[in-house]
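A closer look at the structure
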Amino acid sequence: MAADRPWRDLPVDALLAYGAAAESRGKRLGTSADLAAAIDAYTHLKSSGALPVESWPALADCHRVLGKLTGGRHHLDSAVALAEELLSVPADEWTGRDEWRQYLLALTLRSRYEVYDEAADLERSLRITEELVRSPHPWADPGDWAMAANVAANNYQSRFLRGSRTADLEAAVSLRRRAIKRLQSAEPLEPGYRLAGLTHGLGADLLTLHEHRGDSSLLTEALQALRFAVANMPRQDPSWLGLCSTLGHALLRNAKVRLEEDSTPQGRAAATPLIDEVVELFDVALPPERRGSALARIRALSLAEALLVRHQASQQLEDLDRALTVTRRGLDGAAGSRLDADLLLRMAEAYRLRNEATGAQSDLEHAVAAYRECCSWPDSANAARDAHQWGSWAMSRGAWSEAAEAYGHALLALRVRHERQQRPRHKEEWLRDSQFVPARAAYAMVRNGQPERAAAAAEQGRALLLAEALQRETADLAALRRQGLAALAERFEAARDRLAAFRDGPGEDPDAEAEAATALDAAVSAIRNAGHEDFLLLPGTAPVRDSASKASLVYLFAAEPGGAAVIVPPGDAPIRSVLLDGADLRTATEKANTHLVVHQNRRPGPAWEQHLDDLTRWCWTYVMGPVLKELPPVQPYVLIPSGPLAFLPLHAAWEPARDSPTGRRYALDVVSLSYAPSATVLRAATRKAAAGHTARPDSGTLAGRHPVPLPAVGVHDPADGQLRLPFAELEIDAMISVLGPHGVRLWGQEATRDAVLDQLSRAGTVHFACHGTAHLHDPLSSCLFLTDGPLTVREIRGRRGASSRLAVLSGCETGLVGTALPDEAVGLPAACIEAGFSAVIASLWSVHDIATALLMARFYQLCGHEGLLPPEALRQAQRWVRDATNAEKAEAVPSYGRSAEGMSPVEREFWGSARAHVSPYYWAAFTYTGAGLDGDGTSPAHVRG
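Model, not experiment: these values are computed from the prediction.

Attention now moves to the packing of helix α3 (residues 56-70) against helix α5 (residues 98-116). When two helices pack together, their arrangement is given by the angle between the helix axes and by the axis-to-axis distance. The contact between α3 and α5 brings their axes to 10 Å, and the two run at 15 degrees. As judged from the angle between their axes, α3 and α5 are roughly parallel. Seen from above, α3 lies across α5 with left-handed handedness. Residues Pro57, Ala60, Asp61, Arg64, Gly67 and Lys68 of α3 form the contact with α5, whose participating residues are Leu104, Leu107, Thr108, Ser111, Glu114 and Val115. Here the residues of the contact of α3 with α5 are counted per class, giving five nonpolar, three polar and four charged.

Written out as structure tokens, the structure is:
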């Protein structure tokens, strides 16, 4: 052995010099033999006690670099172990700065994460580097601080890749910009490898931000930074090839953008030189010792992508064949799940494009096999995107079994991704990226004859954030306490309340919010581990039939080939599906967008009424008509529409009917219809309704158990500076005339935000007869106008613990939801439900003052005098406003008859026989969302045909 290592007999100083020389050359040239020699020399000295403590970092770093070059786990573990051992060295034996020991441990953990993708290493490295860059003690060398900041930024960027939280990526960009500025201001200026490394990281982060935001300025800045990095990094440096790879990605992105902007032959010809440059950058042979490294796989991935893009421009099969060769070569050697998934995706794309060009069945089979294997890692960064790409391709071919399989993988990946998000803002970003995937999955499963799976898929895409919040608020903690788990229940409550304080806040303390989210996740995990595996399951994982107590659920969704409905009846009846061939995603989106534009620019009159007539007729022909053929008219139904269908007044869909007073039959004439954001939300609202009734044993005083939760508070005519609503007082008068002493009012100067919010914890019903507005692009600012200012969605849903059961929002646009995330149903109804209400009556457009007053007056009459439950009372009141003559309305609501005063007998007779509110504009704006308020779901005993 001594003959193999002649340096063993050298003096310590000479042996240290030998190790340092081998280390320097190994790091500069990326030669594993030199690094191994340095490790041997240093290890020999350390084992004999002759290696100075100041040289331990050199040994650790040699292990780290060699481990990254070769993928050797032993070297990376040794690097981490040495860094940890160095931390245990007493301060009087370590002459360097303490920050350097911390930095070394963070760097070795970071390197091990880069190779083996273990989240614990990433989080530990990030915690250390965060402390280092925030340290109040100034670093002697700005370059040293910049290096620590760079590692911290790398960690943020990696955490973004794991969790898709844009805030992490923004933190990385901010840190790198600060580090570059500090390094550039140092004297003397050192533009070498440190500055090149920082600008490379900045360019890579900007490139990723461009992918998510599409801002061309980000791509321009990324290209500038990456060209600077490549130009200033010595070519013999081992990282130079990595910098070239990132520059190649940026150039490829630029070529893709140009092809998207101009797909003409001229545009493709202009983009080809850019792609050729990328291919040349990636098509460089690596040194033998790096051919099995992560860098080799990354470059294979990049070259394959460049060849696929060049095929898009040139249509040459040779590019596809070469891409297949490159991906096969990249998949050889040690597996790394994230890279393997990306390589398999490129392989699948190449086979798919080959199949489309040649029609070869073998290419199709190879593509499917590659997609299937690619999707076998649900926790990879792009798993949901990859599965969706596969599912979309299968759907385009009508391969429904394959599409259902692919979208099953997508749903699993989305679930994994959702559970990794901690802060609500991060979950919202993720939801934007995954919109319509659950609906497409549900459609594929319907076409594959799997309605049960389709219902679960549709549920997974609806109101996830609201459902999570409600599940937390309505969790059965009493059951935990009865089982001796009171400590876990209290731990959960404390964590839940702490996190709720951050909801919709300014986000000024993201670290504290992240800690609160982590504490809640830990509390939930502890409860599940204590035998409650189903505690707070993600929506779509629990059986949706649990929410179909006495009402059937009807999911409605649209995909590119068409729409579909899934009907979930109560009891053990089979779940059924209905295809809606005319309600495909493109058509439904056009209908919804047109409706929102017309609504925004509307003026009351014939044009608006004609628009509503045309829209609701389409709703019958292509959506509700086919569904109603499958619905027995003897039970209530809860509609759960998704995507663009959520903006449409489906209950007002109609067909011609000669036997009707209006010549039409509407959907709400056939069955009793209400709405819910999701089955999970409905289940939670129903549970709250039952709990609210139990908490108010005196709430039934008029005729047994009163259908309107008592006491009731009416809010009307606040001194808000807006046009007065002359008939708003009539609504509250009607409420009080029916409820007697159990109805009170707040009006004028009394109708303040504090007074109203205070009533949320006292009243069973709160009725707002005031102005309101919806902000479709900022739904948290949608509001009701009160005396001292607007009462917003943000404030209402922040009012946790309200015990009111029914909210009647008798204003304009109070039922509209935001357009950015329509499936999250962010708006006043969801805010009221989250605040504690069990059900909400709200409007989909600006309502007519007189017709609304008549509708609400009739609603309270039907509840109080005929004992109808609120959802059925609303339905019958809408039919009455539509069908009743003016004379019948004047008899039921005497003040309405004053409009005929002064008329001649002939005019009065003509007025009395007229139906003034036939158009859906007058009566169809209002919807009922939430629980039926009989404590057990909507009761069929109160349903009328």
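Still more to cover.
Let's shift gears to the pattern of salt bridges. In the structure shown here, the tally under the stated rule is 43 salt bridges. A salt bridge links Lys68 to Glu114; the nearest nitrogen and oxygen atoms lie 2.7 Å apart. Taken as a pair, Lys68 in helix α3 and Glu114 in helix α5 lie far apart in primary sequence, 46 residues in all. Linking Arg159 and Glu123 is a salt bridge whose minimum nitrogen-to-oxygen distance equals 3.6 Å. In this pair, Arg159 is assigned in helix α7 (residues 142-163) and Glu123 in helix α6 (residues 119-134), connecting sequence segments 36 residues apart. Relative accessible area serves as the criterion here: at 27%, Glu123 is assigned to the partly exposed category. Each of Arg73, Asp77, Arg112, Glu118 and Asp121 takes part in a single network of salt bridges with overlapping partners.

What follows concerns empty space enclosed by the protein. Across all of its chains, the model carries five cavities of 30 Å³ or more by this definition. In this model, the largest cavity occupies a volume close to 330 Å³. Every residue lining the largest cavity is counted, 22 residues in all, and those nearest its centre are Ala646, Tyr675, Gly815, Val817 and Thr929. Where the lining of the largest cavity is concerned, the elements lending two or more residues are α33 (828-835), β15 (839-843) and β16 (926-930). The element that contributes the greatest number of residues to the lining of the largest cavity is β15, accounting for three residues. Looking at the second largest cavity, its volume works out to about 190 Å³. Lining the second largest cavity we find 20 residues, and of these Ser434, Gln435, Pro438, Gly461 and Asp823 sit closest to its centre.

Counting buried positions along helix α20 (residues 437-447) gives 10 out of 11 residues, so the element sits mostly inside the fold. Of all the positions in α20, only Val437, Pro438, Ala439, Arg440, Ala441, Ala442, Tyr443, Ala444, Met445 and Val446 are classed as buried. Once α20 finishes, Gly449 follows within two positions and takes phi at roughly 75 degrees, a positive value.

Right, let's talk about the packing of aromatic side chains for a bit. Scanning the model with the defined rule gives 11 aromatic pairs in all. Each ring, one from Tyr371 and one from Trp393, has its centre 5.9 Å from the other, and the planes form 45 degrees; the classification is tilted. With Tyr371 in helix α16 (residues 361-374) and Trp393 in helix α17 (residues 383-396), the pair connects residues that are 22 residues apart, well separated along the chain. The same class applies to Tyr371 and to Trp393, which are both buried. Both rings, one in Trp618 and one in Tyr622, keep their centres 5.6 Å apart while their planes meet at 40 degrees; by these two values the pair is tilted. Placement of the pair is Trp618 and Tyr622 together in helix α27 (residues 606-628), with a separation of four residues, close to one helical turn. Residue classification places Trp618 among the buried positions, given a relative accessible area of 8%. Residue Tyr622 is classed as partly exposed on the basis of its relative accessible area of 35%. Put simply, the rings of Tyr371, Trp390 and Trp393 touch in pairs and so form one group of aromatic residues.

Cut-offs and rules
Residues numbered from 1 in each chain as written. Predicted model: local features only at pLDDT ≥ 70, side-chain atom pairs only at ≥ 80, totals over all residues. Heavy atoms only, no water. Axes fitted to C-alpha atoms, helices over the stretch in contact; angles between N-to-C directions. Helix = DSSP H or I, 4+ residues; strand = E, 2+ residues; numbered from the N terminus. Parallel < 35°, antiparallel > 145°, perpendicular 65-115°, else oblique. Left-handed = near helix turned anticlockwise from the far one by under 90°. Contact = heavy atoms within 4.5 Å. Nonpolar A, V, L, I, M, F, W, Y, C, P; charged D, E, K, R; others polar. Salt bridge = Lys/Arg side-chain N within 4 Å of Asp/Glu carboxyl O. Buried < 20%, exposed > 50% of the residue type's maximum accessible area, 1.4 Å probe, protein only. 1 Å grid on protein atoms, 1.4 Å probe; cavity = no way out; pocket = protein on both sides within 12 Å on 5 of 7 lines; lining within 4 Å. Points joined across faces, edges and corners; volume = space filled by probe spheres on them. Phe/Tyr/Trp six-rings, centres within 6.5 Å; stacked < 30°, edge-to-face > 60°.

Keep in mind these values describe shape, not function.
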